[in-house]
Structures are given as C-alpha cells and as structure tokens.
Amino acid sequence: MNTAVDMTSANTVGPEMTSKPKVLCAMSGGVDSSVAAALLQEQGFEVVGSMLRFWPDDRPKGAFDLCCSPDAAYDARRIADKIEVPFYLLDYRDKFDEIVVEPFIPSYEKGETPNPCVWCNRDIKFGSFVKRAQMLGCEFMATGHYVRRIDTPEGVELHRGHDDSKDQTYFLWALPQDILPYLLFPLGELDKPQVRDLANERGFTVADKKSSSGLCFITDSVKNYLGEFSEPNPGPILDACEDSKEIGQHGGIQFYTVGQRKGLGLYHSHLVRFVIDIRAGDNAIVVGSREMCHWQRLSAHKSSFLTSAENLPKRVMAQTRYRQRPIPASLKLTGDDTFDLEFDEPVFAVTVGQSAVLYEDDRLLGGGVILDRH
C-alpha cells in the first residue's frame, strides 16, 4: 500500500500520529513538488511547505533557474499561498557547498565520474530535512520524487515509481534505513502527464513549467564548469586497439568519462573510439573499440543498504547508469562496506565513481560507488 495516498497506512508506521498528521513537504517551485503538497493537503495532512536555499541570489542564470533560484522560491511560495499552507525558506548554502560542490572537481581530477545527487539526497534533501521536520513537530516529510513507498510487516520499503521514465530511486540508494518510516512520496503511482493534468485542474501557474535536469549547481555544461574551475593538464590519448599507441592529446583527464565517443579530438578522425579508461597515475586517456567498453564484473565501496545484509538476495537486478534498465547480476558482499557484482552479460561503460544500485524486482535494496571493473 502506498502510504502517501492512504491515511490508514500512514497511521500504522513511524512515530505516534495525531488526528491530522503534520508533514513537511519539500517545495522547489516545480510542478512535481507543487502537486505533491496539494495532494497531501487533500488527503488530510497538515502541510508545511519548505524550500532549501543552496545559492546566493546573484547566482548566474542557467539550469539553476529551474530549481534553486529566487524565481523558483517565488513560484514555491506562490503555490503555498494558493493552497494556504505556511512556507519556509531554509538556508543550506554552507552544507551544500561542503557535501556537493567541493568534492566535485577533485573527483574528476582523480579519473572518476561522481554522482553528487546521491550525497545531496542522503545528507541534505532527506537526512537533514527529516531532522528539520521533527524540529517543526512534523510526523513526516514528503517530496515530489517519483518513488513508491510500500509498507510491509517487516517495515517500509522503497520501490521504483510507476512512471519508469521518471523513476528516481537510482539516486536514493544511500538513504539511511532508519528514516524510511518518515518519508512520503505522493507521486509514486503517477506519471508526468497525470501530474501536469492535476496541476492544471488546480490552476497552478507551474503546470507547464519545464522540469529541471542535470546538476543544479551547473549553470551551463559540466565541461564548461570544469574548464572554469579546474586547471588544464595535457597528456596522451592511447589507443588500446594499437598496443597503446599515442593517437592524440587531451587537455585534462577531468574532461572525459568512460563511454565517451564524441569530442575526443583524435588525429585520425576516421577512428571510431570510446574512452575505456582514465588513468590519473600517468595522466592518460585510453580509448578502444565499443566491444572494449564492456565489463562483466565490478567492485563497489561506500555501500549502503535499505535492508539487513542477511536479507540481501544473491541474485539482484543492478543499474550502473541513471538511464539504464536494471539488469540481472550476482551479488557478493566482500566487506563491511564493499560488494562485487557479476552481470549475466557484459555491461557498457561501467564507470568508476558512478553508482551501482541494487533492486529485487522493483524494490530498492541499496547500492554503492563503483570502485573498479573488469
């Protein structure tokens, strides 16, 4: 049963309920969180709206306009006023800079491709937000993520959203297990067109607002961001198809990611090559054929699970990229925070620094950060 749409279920788990449960709803000024807040209110919750402030008001415009800007805060406050709920703007600028922004470039300079949204969700958007909700006397916190909450006799589970094209469980694998009873996801059973229809029915001005995508602190492109805030460090591009022959020069390993085909600037423009390795030790980019850009096994660290280790299945569905369908794999725990995966078939562009996320059918089990692949 989806807790976010059933008040009886909401009263069966988590902290002691009041007659009208109070929920702190994250509102970004977009259509998803606006509809989430409205649905919760209509289901009988006492809703408090809130937005996290990550940037100063003079932040340059770009992708940031959609989710973190003063304009977005204005939209969120306007929706809160329309549905007559209180709204608070909470300052998380220092914490966001520490957890999300500062590690970003160093990760690329080590030859990794980081996934900062995972840590933002774990430590800020959910971890800190749940604590703030409790401080405000709220029994729950809610977001507009496309995720389903399922209550079982063993506890709360997170499942993939009904709209598979919008599912966001991939970014939630590192959430602390003990906060799950406090989370509500009103949009888990809906798809995006339904959400826009609900917004239009309620006269929300954000009904047709473009959805945010990418990293909220990147106002242009990742490449341009790295070019602005990191130093160039040229080195060789080596071709694994020709005994590691040097066939080009790169301007810095931070500008490349595994699986990349375009923008390699090779001397031999007729070559079809993909980045298959980024070697920070000798500042080299290694390219090869598409077949060379597949791996059947990976090792992960910094693991986190939403169930006990003894309850993890040996066979899982695993996802190594956001826009990838989970695929069958065998799971082996190798340490306190490490595991290995062996896929049934080789997987394209398994990338160090990205997330390996584990599922049992649609249920999110947890995941880890890819450390190696072979």
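The coordinates are above.
As the structure is a computational prediction, the values presented were derived from the model and not from experiment.

Calculation notes
- Residues numbered from 1 in each chain as written.
- Predicted model: local features only at pLDDT ≥ 70, side-chain atom pairs only at ≥ 80, totals over all residues.
- Heavy atoms only, no water.
- Helix = DSSP H or I, 4+ residues; strand = E, 2+ residues; numbered from the N terminus.
- Buried < 20%, exposed > 50% of the residue type's maximum accessible area, 1.4 Å probe, protein only.
- Contact = heavy atoms within 4.5 Å.
- Areas by Shrake-Rupley, 256 points an atom, 1.4 Å probe, with all protein chains shown as cover.
- Phe/Tyr/Trp six-rings, centres within 6.5 Å; stacked < 30°, edge-to-face > 60°.
- Lys NZ or Arg CZ within 6 Å of the ring centre and 35° of its normal.
- Salt bridge = Lys/Arg side-chain N within 4 Å of Asp/Glu carboxyl O.
- Expected span 1.5 Å × (residues − 1).
- Bend = angle between axes of the 7 residues up to and from the residue.
- Core = buried A, V, L, I, M, F, W, Y, C linked by side-chain atoms within 4.5 Å.

Caption draft 1: Representation of the overall build of the protein within the structure. In terms of helices and strands, the protein carries 8 helices and 17 strands. Buried positions account for 53% of the 374 residues belonging to the protein. In the protein, 67% of the contacts between residues at least 6 apart in sequence involve partners at least 24 apart. Accessible surface computed for the protein: about 16900 Å², of which carbon and sulfur atoms make up 48%.

Caption draft 2: Representation of the packing of aromatic side chains. Tallied over the entire structure, the rule returns 15 aromatic pairs. Ring geometry for F45 and F140: centres 6.1 Å apart, planes at 80 degrees, overall edge-to-face. Residue F45 is found in the loop between helix 2 (31–42) and strand 2 (46–53), and its partner F140 is found in strand 4 (residues 140–142); the two are separated by 95 residues along the sequence. For the pair shown, F45 and F140 are each scored as buried. Positioned over the ring face of F348 is R290, at 4.2 Å from the centre of the ring. The aromatic ring of W295 is capped on one face by R373, whose charged end is 4.2 Å from the ring centroid.

Caption draft 3: Quick look at the pattern of salt bridges. Tallied over the entire structure, the rule returns 18 salt bridges. Between D75 and K209 there is a salt bridge whose closest N-O contact spans 2.9 Å. With a gap of 134 residues between them, D75 in helix 3 (residues 70–82) and K209 in the loop between helix 7 (192–201) and helix 8 (222–229) connect regions that are remote in the sequence. Grouping residues by exposure puts D75 and K209 together as buried. Between R160 and D164 there is a salt bridge whose closest N-O contact spans 3.1 Å. With relative accessibility at 35%, the residue D164 sits in the partly exposed group. Through salt bridges with shared partners, a single network forms among R160, D164, D167 and R325.

Caption draft 4: Summary view of unusual backbone geometry. Located in the positive-phi region is N283, a residue other than glycine, with phi close to 55 degrees. One can find N283 in the loop between strand 10 (274–279) and strand 11 (284–288). Although it is not a glycine, A349 sits at a positive phi angle of roughly 55 degrees. With respect to the element layout, A349 can be found in the loop between strand 15 (339–348) and strand 16 (355–360). A349 sits in the buried class, given a relative accessible area of 1%.

Caption draft 5: Up close: the environment of S107. Along the chain, S107 turns up in helix 5 (residues 104–109). In the structure, S107 is positioned 245 residues away from V352 in sequence and 10.0 Å away in space, judged by C-alpha atoms. With residues up to four places along the chain from it excluded, the contact list for S107 reads E112 and P114.

Caption draft 6: Examining helix 6 (residues 116–135) more closely. Between its first and last C-alpha, helix 6 extends 26 Å over 20 residues, near the 28 Å set by a 1.5 Å rise per residue. A maximum bend of about 30 degrees is found in helix 6 at F129. By the burial criterion, the buried members of helix 6 are P116, V118, W119, C120, N121, I124, F126, G127, S128, F129, V130 and A133. Backbone geometry just downstream of helix 6 places G137 in the positive-phi region, at approximately 80 degrees.

Caption draft 7: The environment of G161, seen in detail. Summarising the element assignment, G161 is placed in the loop between strand 6 (155–160) and strand 7 (183–184). Ignoring any residue separated from it by four or fewer positions in sequence, one finds G161 in contact with Y146, V147, R148, D167 and G188.

Caption draft 8: Structural context of the nonpolar core. Among the nonpolar cores identified, the biggest contains 47 residues, and F96, F104, I124, L183 and F217 are the most heavily contacted of them. One finds I237, V275, A318 and V347 within the second-largest nonpolar core, a separate group that totals 35 residues.

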